[in-house]
Amino acid sequence: MRSTLSNRDPGSSGSGTTPATGEPARATAAHRQRWAVDTMALAPDDQVLEIGCGRGAAVFMVASRLTTGRIVAIDRAATMARLATQRNLSHISAGRAEIRCAGFESADLPASHFTTIFAVNVSLFWLGDAAQQIARMRGLLTPGGRLHVFGERPTAAHATANLTATQLLLESHGFATTTSSAKRGQRQVLTCVTGTPIR
């Protein structure tokens, strides 16, 4: 179990991850989505699943990094799926992205297919019994695939508690974990727990 803490504000990064021309911008979400996509360090051929894609900001950033890879993004809210589709029409047309209106529990997804699964601020990881969902995520990952659980918390204490709880959840379901975090502006703390199934 490895933990890293960065004081870098992900919103001030000059790493070339600014939204591409034509991407509708939402400043509040852009910082955390950009940090999340940077943290995953995706390869151009990755097969990616996003759980709870919202308006599709991360979908756009991920698909922009893919060549032969593809992202499937799901959201149970029809309005969010529609907005994400509108935002990503060019990537959908190119075959790099697919948006579905579906809950994770009912989504038809191929087993042992995804190299990366991620979720940003999705409550299933810290509310209620997530055992079945975590088990399903294990089954959807390829050997060596990674699950990234991202969160955003108002204080360092909240962030530490969230990281610890998420680590324990994943480790109790057979994942080896690492963590990372970064400050955004003066208050918010972005967190990530990355889990790799122990086979």
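Quick caveat: nothing in here was measured; it's all calculated off a predicted structure.

### With respect to the packing of aromatic side chains
Part 1 of the argument: A full pass over the atoms with the stated rule returns 1 aromatic pair.
Part 2 of the argument: Taking NZ or CZ as reference, R136 lies 5.1 Å from the ring centre of F104, over its face.
Part 3 of the argument: One cation-aromatic arrangement involves R138 over F175; the distance from NZ or CZ to the ring centre is 5.6 Å.

### Here we look at the pattern of salt bridges
Part 1 of the argument: What the rule picks out here adds up to 5 salt bridges.
Part 2 of the argument: When the shortest N-O distance is used, the salt bridge between R65 and D38 registers 2.6 Å. Taken together, the residues R65 in helix α2 (residues 57-65) and D38 in helix α1 (residues 27-40) connect sequence positions 27 residues apart.
Part 3 of the argument: Overall, R65 belongs to the partly exposed group, its relative accessible area being 28%.
Part 4 of the argument: Where R70 meets E98, a salt bridge forms, and the shortest distance between an N and an O atom there is 2.5 Å.

### Details of the confidence of the model for the chain
Part 1 of the argument: For the chain, per-residue confidence averages 85 on the pLDDT scale, and 82% of positions sit at 70 or higher.
Part 2 of the argument: Confidence drops under a pLDDT of 50 for residues 1-27, and excluding neighbours within four residues, the segment shows 46 contacts in the predicted structure.

### Some points on the pairing of strand β6 (residues 141-153)
When a strand is regular, its side chains alternate between the sheet's two faces.
Part 1 of the argument: For β6, the buried fraction is high: 10 of the 13 residues fall into the buried class.
Part 2 of the argument: Relative to β6, strand β5 (residues 114-120) runs parallel, the two sharing 6 bridges. Each bridged residue has a counterpart across the sheet, and for F118 the counterpart in β6 is H148.

### Examining the nonpolar core
Part 1 of the argument: Membership of the largest hydrophobic core comes to 26 residues, with the highest contact counts inside it found for L49, I117, F125, M137 and L147.
Part 2 of the argument: Mapped onto this core, the elements with two or more residues apiece are β2 (47-51), β3 (70-75), β5, α5 (131-140), β6 and α6 (156-171).
Part 3 of the argument: Of all hydrophobic cores here, the second largest spans 25 residues; its members include A36, L66, F118 and A182.

### Section: the environment of A43
Part 1 of the argument: Here A43 lies in the loop between α1 and β2.
Part 2 of the argument: Separated by 25 residues in sequence, A43 and T68 place their C-alpha atoms 9.6 Å apart.

Each value, and the rule that gives it
- Residues numbered from 1 in each chain as written.
- Predicted model: local features only at pLDDT ≥ 70, side-chain atom pairs only at ≥ 80, totals over all residues.
- Heavy atoms only, no water.
- Phe/Tyr/Trp six-rings, centres within 6.5 Å; stacked < 30°, edge-to-face > 60°.
- Lys NZ or Arg CZ within 6 Å of the ring centre and 35° of its normal.
- Salt bridge = Lys/Arg side-chain N within 4 Å of Asp/Glu carboxyl O.
- Helix = DSSP H or I, 4+ residues; strand = E, 2+ residues; numbered from the N terminus.
- Buried < 20%, exposed > 50% of the residue type's maximum accessible area, 1.4 Å probe, protein only.
- pLDDT = per-residue confidence, 0-100.
- Contact = heavy atoms within 4.5 Å.
- Pairing = 2+ DSSP bridges.
- Core = buried A, V, L, I, M, F, W, Y, C linked by side-chain atoms within 4.5 Å.

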